[in-house]
Amino acid sequence: MASLFHPRNNFALPFSILLLLLPIFVPATTSAAKARHFKWEVEYMFWSPDCVEGVVMGINGQFPGPTIRAKAGDTIVVELHNKLHTEGVVIHWHGIRQLGTPWADGTASISQCAINPGDHFVYRFKVDKPGTYFYHGHLGMQRSAGLYGSLIVDVADGQKEPFSYDGEFNLLLSDWWHQGVHEQEVGLSSSPMRWIGEPQSLLMNGRGQYNCSLAAQFGNLSSCKFTGREQCAPKILRVEPNKTYRLRIASSTSLASLNLAIKNHKMTVVEADGNYVQPFSVSDMDIYSGDSYSVLFTTDQDPTMNYYVSARVRGRLPDTPQALTILNYKPNAASKRPSLPPPLAPAWNDYAHSKAFTSSIFARPGSPAPPRNFHRRIVLLNTQNRMNGLTKWAINNVSLTLPATPYLGSIKYKLWHAFEDRPEEDYDREAYDVTKPPVNPNTTAGSGVYNLRLGTTVDVILQNANTLTANVSEIHPWHLHGHDFWVLGYGEGKFREKEHEKGLNLENPPLRNTAVIFPYGWTALRFVADNPGVWAFHCHIEPHLHMGMGVVFAEGVHRVRDIPKSALACGMTARMFMSRDNSNTTVRG
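Summarised in this report is the structure supplied together with it. (Residues numbered from 1 in each chain as written. Predicted model: local features only at pLDDT ≥ 70, side-chain atom pairs only at ≥ 80, totals over all residues. Heavy atoms only, no water.)

**A few points about the side chain of Thr299**
Link 1 in the chain: One can find Thr299 in the loop between β17 (292-298) and β18 (307-314).
Link 2 in the chain: With residues near it in sequence (within four places) discarded, Thr299 still touches Val239, Glu240, Pro241, Asn242, Lys243, Tyr245, His265 and Tyr329. (Helix = DSSP H or I, 4+ residues; strand = E, 2+ residues; numbered from the N terminus. Contact = heavy atoms within 4.5 Å.)

The structure is reproduced here in structure tokens:
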């Protein structure tokens, strides 16, 4: 079947939004960038994210963690103290490319050692472009435990966005389980596997309502009693009539793909993953784990009413009630119940609806275009497999197992025994039937790295397949660290060069850092390996990564300089440092 990606846009824009999207001339001068300093303590604490008390992983006594707000060009400095008693921790700054600071990417066993209990680590990095981002834990399944927060980068002083608005809101979406994260990890690594199940709640800015879920499911938040429960009371979006607002949206979900809508309000998508896109208007939008967007909406409805904002599960049987909050038109009381029901979401398995939205995202005119040709193509087959009685996810029949020594250190100092050889770059496309469970379901573990020549253009084809269960293929959102990539196209079935290459979009593909592969489909990506370091590329569904669904790219590691010793003080590199002069705070060379 031909590619589902067509470089055209059939969505009409409201006239009020069109006026706001006229080109803006950007001044060339900006003021000096700043260093913004933060001191964080990570610890477990009791919290009630959905009105049911449990244990969450918080920062400075907050859940979600503190929002970081900076301007493009600023340097972020976070001194992170690990107050967990028995486990390490790292923080990944999702969407920040870490140009020149690959050790600050926050990926345990890839870019750095885990920060030990009682220890601290200083993250120092530049936020080079404006956009909507977030941060989260990247060791084990600490994101599922609640270790996440928002990171907003505004345009530099003297610069302007290519659109205008009267106010803005930030909406961080997540999912929540009452079962503890360590119990989840043990279940996933058991034989037979004990699946984590569907989340009990969906959260908006860390707040949901489980113990009044039936009321919430039918849009009756007025029956939810929040007295003394400020931790789970919904964050109300208070607006004035006839204004235009920017809604920044990011999904840190561990499992759920979501559909977001504002009752009776159109949304105009203007940003995706920190990159401006060609504006288009929608009534609802799909948001996968790792995605971030900015949308504009105008408060042009009946000002005597309030309206529901809803998020519902997509791509899985919706056993989790929708998340709700209220768009409160001033001067109405925030407690005034909307007279209209919540937005009606598309059916959970209406993939045509999902593909129509995803395939309507194009780069804004003037955005960087992809190279016309590639130097290397890597095809990654996503499969569910078995290994020694365990259920695993694998890429080209290898389930990722991270080594004790971070790749950044072992490659930099040529400790080749710290990890395995290069993994396969393709699968047997003629023999393998992606529409059926694997004939041979067995897989192996591996810690190999794809070594990319610095400056080359790399194509990645993500190929989805059937799971171990017949007639089941799942959605997988894939996230690349250290880079943005161009999404050249989506398609159904098996990717075939002769059939599908002519349908790829090389004119205005969007730049993203997260892209979805649909059931039984493929997604084509292109990026330039221009950022020296070692970078994770993986499914952003937390249990899937935990079960091996990822790969590692390395490029130009010999050019990386001034790596903090504390980033590599574990495994083979720790033993190497012990034999050297310990007076230096960085490792040069």
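**Looking at the state of the cysteines**
Link 1 in the chain: Applying the stated criterion to the full structure yields two disulfides.
Link 2 in the chain: Here Cys51 engages in a disulfide with Cys232; their sulfurs sit 2.1 Å apart. Residues Cys51 and Cys232 share a disulfide whose torsion about the S-S bond is about 95°; that sign makes it right-handed. One end of the pair, Cys51, is in the loop between β1 (35-47) and β2 (54-59); the other, Cys232, is in the loop between α3 (213-217) and β11 (237-239), with 181 residues separating them in the sequence. (Disulfide = S-S within 2.5 Å.)

**Considerations on the pairing of strand β26 (residues 476-480)**
Link 1 in the chain: With respect to burial, β26 is a largely interior element, five of its five residues being buried.
Link 2 in the chain: Residues His476, Trp478 and Leu480 point to one face of β26 and Pro477 and His479 to the other, with burial holding for every one of them.
Link 3 in the chain: With four bridges joining them, β26 and strand β29 (residues 514-517) adopt antiparallel strand pairing. Bridge pairing in β29 links His476 to Ile517.
Link 4 in the chain: Pairing analysis gives three bridges linking β26 to strand β31 (residues 533-539), with the strands arranged antiparallel. In the strand pairing of β31, Leu480 is matched with Phe537. (Buried < 20%, exposed > 50% of the residue type's maximum accessible area, 1.4 Å probe, protein only. Pairing = 2+ DSSP bridges.)

**Focus: the pattern of salt bridges**
Link 1 in the chain: Within the structure shown, the criterion is met by 28 salt bridges.
Link 2 in the chain: Residue Glu474 is joined to Arg316 by a salt bridge in which the shortest nitrogen-to-oxygen separation is 3.7 Å. Residue Glu474 is found in the loop between β25 (457-463) and β26, and its partner Arg316 is found in the loop between β18 and β19 (323-329); the two are separated by 158 residues along the sequence.
Link 3 in the chain: The class for Glu474 is buried, based on a relative accessible area of 19%.
Link 4 in the chain: On the basis of relative accessibility, which here comes to 17%, the residue Arg316 falls in the buried class.
Link 5 in the chain: Ionic contacts of the salt-bridge type, sharing partners, join the residues Arg377, Asp426, Arg429, Asp459, Glu497, Glu501 and Arg526 into one network. (Salt bridge = Lys/Arg side-chain N within 4 Å of Asp/Glu carboxyl O.)

**What to know about helix α4 (residues 351-358)**
Link 1 in the chain: Where α4 is concerned, the buried positions are Tyr351, Ser354, Lys355, Phe357 and Thr358. Down the axis of α4, the smallest arc covering the buried residues is 160°, so these residues share one side. (Arc of directions from axis to C-beta.)

**Some thoughts on the sheet that holds strand β14 (residues 267-272)**
Think of a sheet as strands paired side by side through backbone hydrogen bonds, with each pair either parallel or antiparallel.
Link 1 in the chain: Read from one edge of the open sheet, six strands run β10-β9-β12-β17-β14-β15, paired in mixed fashion. In this open sheet, the two edge strands, each paired with only one partner strand, are β10 (201-204) and β15 (275-282). Neighbour-to-neighbour, the strand axes of the sheet open up by a mean angle of 25°, direction not taken into account.
Link 2 in the chain: Alignment of strand β9 (residues 167-176) against strand β12 (residues 244-251), held across seven bridges, turns out to be parallel. In the sheet register, Leu171 faces β12, and the bridge partner there is Ile249. (Axes fitted to C-alpha atoms, helices over the stretch in contact; angles between N-to-C directions.)

**Observations concerning unusual backbone geometry**
Link 1 in the chain: The amide bond that connects Phe63 to the next residue, Pro64, takes the cis arrangement and shows omega of -15°.
Link 2 in the chain: If you trace the backbone, Pro64 turns up in the loop between β2 and β3 (68-71).
Link 3 in the chain: For the bond running from Lys330 to Pro331, omega is 10°, close enough to zero to count as cis.
Link 4 in the chain: Examined against the element boundaries, Pro331 turns out to sit in the loop between β19 and α4.
Link 5 in the chain: The backbone of Cys51 sits at a positive phi, close to 80°, despite the residue not being glycine.
Link 6 in the chain: Owing to a relative accessible area of 10%, Cys51 belongs among the buried residues under this scheme.

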